[in-house]
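Letter by letter, the chains look like this.
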Amino acid sequence: MLHGNPLTGPLQTSVHQRLDDLTRTAGLVDAGRAADLARREIPLLVQALRSVLAAHEPDEHGRCPVCRTGSSRLPFRRRGRLPCRAYLAVQLRLGTVEAATPGLRPRRHRATHLHSVS
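*Asks:* I'd love a proper account of the confidence of the model for the chain, names of residues and values included.
*Replies:* Per-residue confidence for the chain averages 78 on the pLDDT scale, and 66% of its residues sit at or above 70. Per-element averaging of pLDDT across the chain places helix α4 (residues 97–100) at the bottom with 57 and helix α2 (residues 31–55) at the top with 95. Ignoring residues within four places in sequence, the model shows residues 106–118, a span with pLDDT below 50, making zero contacts including any to other chains.

*Asks:* How would you sum up the nonpolar core? Please name residues and give values.
*Replies:* Formed by Leu 53, Cys 64, Cys 67, Cys 84, Ala 86 and Val 90, the largest nonpolar core amounts to six residues. Those residues in contact with Ala 86, other than ones at most four positions away along the chain, are Leu 53, His 56 and Cys 67.

*Asks:* If you had to explain the side chain of Glu 41 to someone new, which residues and values would you point to?
*Replies:* Mapping Glu 41 onto the fold places it in helix α2. Residue Glu 41 is classed as buried on the basis of its relative accessible area, which comes to 10%. Among the polar contacts made by the side chain of Glu 41, one reaches the side chain of Arg 40 at a distance of 3.5 Å.

*Asks:* How would you explain the pattern of salt bridges if you had to name every residue and give the values?
*Replies:* Counted by the stated rule, this structure contains four salt bridges. Put simply, Arg 24 and Asp 21 hold a salt bridge, and the shortest N to O gap is 2.5 Å. Pair noted here: Arg 24 and Asp 21 are both in helix α1 (residues 9–28), with a separation of three residues, about one helical turn. Owing to a relative accessible area of 34%, Asp 21 belongs among the partly exposed residues under this scheme. As a salt-bridge pair, Arg 40 and Glu 41 come within 3.5 Å of each other at their nearest N and O atoms. Residues participating in the shared-partner salt-bridge network are Arg 18, Arg 40 and Glu 41.

Definitions and cut-offs
- Residues numbered from 1 in each chain as written.
- Predicted model: local features only at pLDDT ≥ 70, side-chain atom pairs only at ≥ 80, totals over all residues.
- Heavy atoms only, no water.
- pLDDT = per-residue confidence, 0-100.
- Helix = DSSP H or I, 4+ residues; strand = E, 2+ residues; numbered from the N terminus.
- Contact = heavy atoms within 4.5 Å.
- Core = buried A, V, L, I, M, F, W, Y, C linked by side-chain atoms within 4.5 Å.
- Buried < 20%, exposed > 50% of the residue type's maximum accessible area, 1.4 Å probe, protein only.
- Polar contact = N/O pair within 3.5 Å; in protein donor to acceptor, adjacent residues only side chain to side chain.
- Salt bridge = Lys/Arg side-chain N within 4 Å of Asp/Glu carboxyl O.

Quick look at the structure:
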């Protein structure tokens with residue numbers, strides 16, 4: 001079994017086995033059968049991915065309701081606006097992150113001169 005939880009383990013195992021089967025089959029069949037497989041399975045995979053991403057839709061403050069933590073260890077510290085982990089993972093697989101997040105810039109540390117080598 002892939003995961004130890006008796007309630008979700010079989011479901012997770014089944015999903016991973018199906019994805020493994022699709023990957024293996026796509027690599028073993030000829031081009032015609034691969035095209036048929038793609039026409040049949042890609043819409044299902046896209047629909048499944050969209051339903052997962054729907055749960056990660058940002059709230060009115062731009063924060064993911066699933067990825068954000070319920071409470072911070074430091075109550076006085078503000079959480080930064082970080083990209084949702086699910087959307088980030090999908091974007092990394094589908095293309096570049098820079099194209100999808102034009103407003104995000106790397107944070108500059110005040111003591112950058114301490115890290116430079118001259």
